[in-house]
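Given next are the chains, with one letter for each unit.
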Amino acid sequence: MSGPSPYSVDARSETDWGICVLTHTPLDVPQIIQSVGDPAAGATAVFIGTTRNSFKGRTVTRLDYQAFSKLAINTMSHILVDAVHQISRSDHHTSDNPVPSLIRCALHHRLGTVPVGEPSIVIAVSSPHRKEAFVACESILEQVKRKAQIWKREFYEGDREEDAEWKANE
Amino acid sequence: MSITPQHTTEITVLYFAGASTATGLSSQQIQLPAPPSEPFKLSQLSALLVSLHPATNISKVLETSQWSVDAEMVDDPNAVVLKGGEEVAIIPPVSGG
């Protein structure tokens, strides 16, 4: 059996649009929310995805996440840029309005073993008004689930480790 | 007898998720067929990998996977020629979040 992939490592990318992180360290939700804080922000939308304890009636004992970090961190950065562009093209933002539609985005995904109940993904988006923050937060999540080169393996109670299944998002 | 430097015709294949479980590997150096009578397309790599890993379910994994070459996703594997030195990754359906 292969051990942990040497290509699934911690990674970080910071741009004007926000920060993306892949980490084996437990996600610090208050710190992530704080990182998008800004006096110009009237809203912060946060999504926290946690590992669930069951799948189709079977008891999940743990989940392992693996990434192709070099590629996934680029994909995650592009997702943030796309979200910012999508929002700034929306009706709420006109050329005579100099206030940015989004202030900061933070996208953190955990790697390695994530025990049941702990966050595997945290997304925080701040904006002047709530709607843009909600829309961007959801859009970032859906794109990550579709595109980011990250994989989840679910371990069930009573199963052999080697039978644990790699999942695929819909 | 001429000695060809190996690195010129070798690629590195990265295995993730189901591809890694199937082969028991996270990466592998693979020799491209020599002599390269015609360009070796990325789309030909599946058959080569299946032949290197008989009695595994790697072919099933490859059916649903995409490729990346040097950390860029590939749209059309028929349009990419491997020359050696590339880092090619099998990208199974993702499941982050």
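Residues numbered from 1 in each chain as written. Chains lettered and ligands numbered in written order. Predicted model: local features only at pLDDT ≥ 70, side-chain atom pairs only at ≥ 80, totals over all residues. Heavy atoms only, no water.

Going by an unreviewed UniProt entry, chain B carries the name Molybdopterin synthase sulfur carrier subunit and comes from Jaapia argillacea MUCL 33604. According to its UniProt record, chain B has this under Sequence similarities (unreviewed entry): "Belongs to the MoaD family. MOCS2A subfamily." In its Subcellular location (unreviewed entry) section, UniProt records this for chain B: "Cytoplasm". (UniProt positions renumbered as here; feature names shortened; annotations may be inferred.)

The name an unreviewed UniProt entry assigns to chain A is Molybdenum cofactor synthesis 2, from the organism Jaapia argillacea MUCL 33604.

Draft legend 1. A look at the interface of chain A and chain B. Residue-level contacts link 27 residues of chain A with 24 residues of chain B. Where chain A abuts chain B, roughly 2,000 Å² becomes buried across the two surfaces, and 60% of that area is made up of carbon and sulfur atoms. For the salt bridge of Glu87(B) with Lys70(A), the shortest nitrogen-to-oxygen distance reads 2.7 Å. Our count for the chain A to chain B interface comes out at 15 residue pairs in polar contact (both at pLDDT 80 or more). Secondary structure elements with two or more residues in the side of chain A that touches chain B: β5 (58-67), α2 (69-88), β8 (119-127), α3 (130-147) and β9 (150-156) of chain A. A per-element tally of the side of chain A that touches chain B places β9(A) first, with four residues. (Contact = heavy atoms within 4.5 Å. Buried area = accessible area lost by both parts, 1.4 Å probe. Salt bridge = Lys/Arg side-chain N within 4 Å of Asp/Glu carboxyl O. Polar contact = N/O pair within 3.5 Å; in protein donor to acceptor, adjacent residues only side chain to side chain. Helix = DSSP H or I, 4+ residues; strand = E, 2+ residues; numbered from the N terminus.)

Draft legend 2. Inspection of a nonpolar patch on the surface at higher detail. Together, Ile33(A), Val46(A) and Ile48(A) give the surface a local cluster of nonpolar side chains, amounting to about 200 Å² of exposed area. With respect to the helices and strands, Val46(A) occurs in strand β3 (residues 43-50). (Patch = residues over 30% accessible without salt bridge, like charges linked within 9 Å, V, L, I, M, F, W, Y side chains within 5 Å. Areas by Shrake-Rupley, 256 points an atom, 1.4 Å probe, with all protein chains shown as cover.)

Draft legend 3. A look at the packing of aromatic side chains. Taken as a whole and judged by the stated rule, the model has four aromatic pairs over all chains. On the numbers, 6.5 Å between centres and 25 degrees between planes, the contact of Phe55(A) with Tyr156(A) is stacked. Residue Phe55(A) is located in strand β4 (residues 54-55), and its partner Tyr156(A) is located in strand β9; the two are separated by 101 residues in the primary sequence. Residue Phe55(A) is classed as partly exposed on the basis of its relative accessible area, which comes to 24%. A relative accessible area of 5% means that Tyr156(A) is categorised as buried. Between Trp151(A) and Phe16(B) the ring centres are 5.1 Å apart and the planes differ by 15 degrees, which places this aromatic pair in the stacked class. Of this pair, Trp151(A) sits in strand β9 while Phe16(B) sits in the loop between β1 (10-14) and α1 (17-23), on two different chains. Across the pair, exposure class does not vary: Trp151(A) and Phe16(B) are buried alike. Clustering of aromatic rings is evident, with ring pairs tying together Tyr7(A), Phe68(A), Trp151(A) and Phe16(B). Its guanidinium or amino end placed over the ring of Tyr156(A), Arg58(A) lies 4.3 Å from that ring's centre, counting from NZ or CZ. Of note, Lys167(A) hangs over the ring of Phe55(A), and the distance from its end group to the ring centre comes to 3.2 Å. (Phe/Tyr/Trp six-rings, centres within 6.5 Å; stacked < 30°, edge-to-face > 60°. Buried < 20%, exposed > 50% of the residue type's maximum accessible area, 1.4 Å probe, protein only. Lys NZ or Arg CZ within 6 Å of the ring centre and 35° of its normal.)

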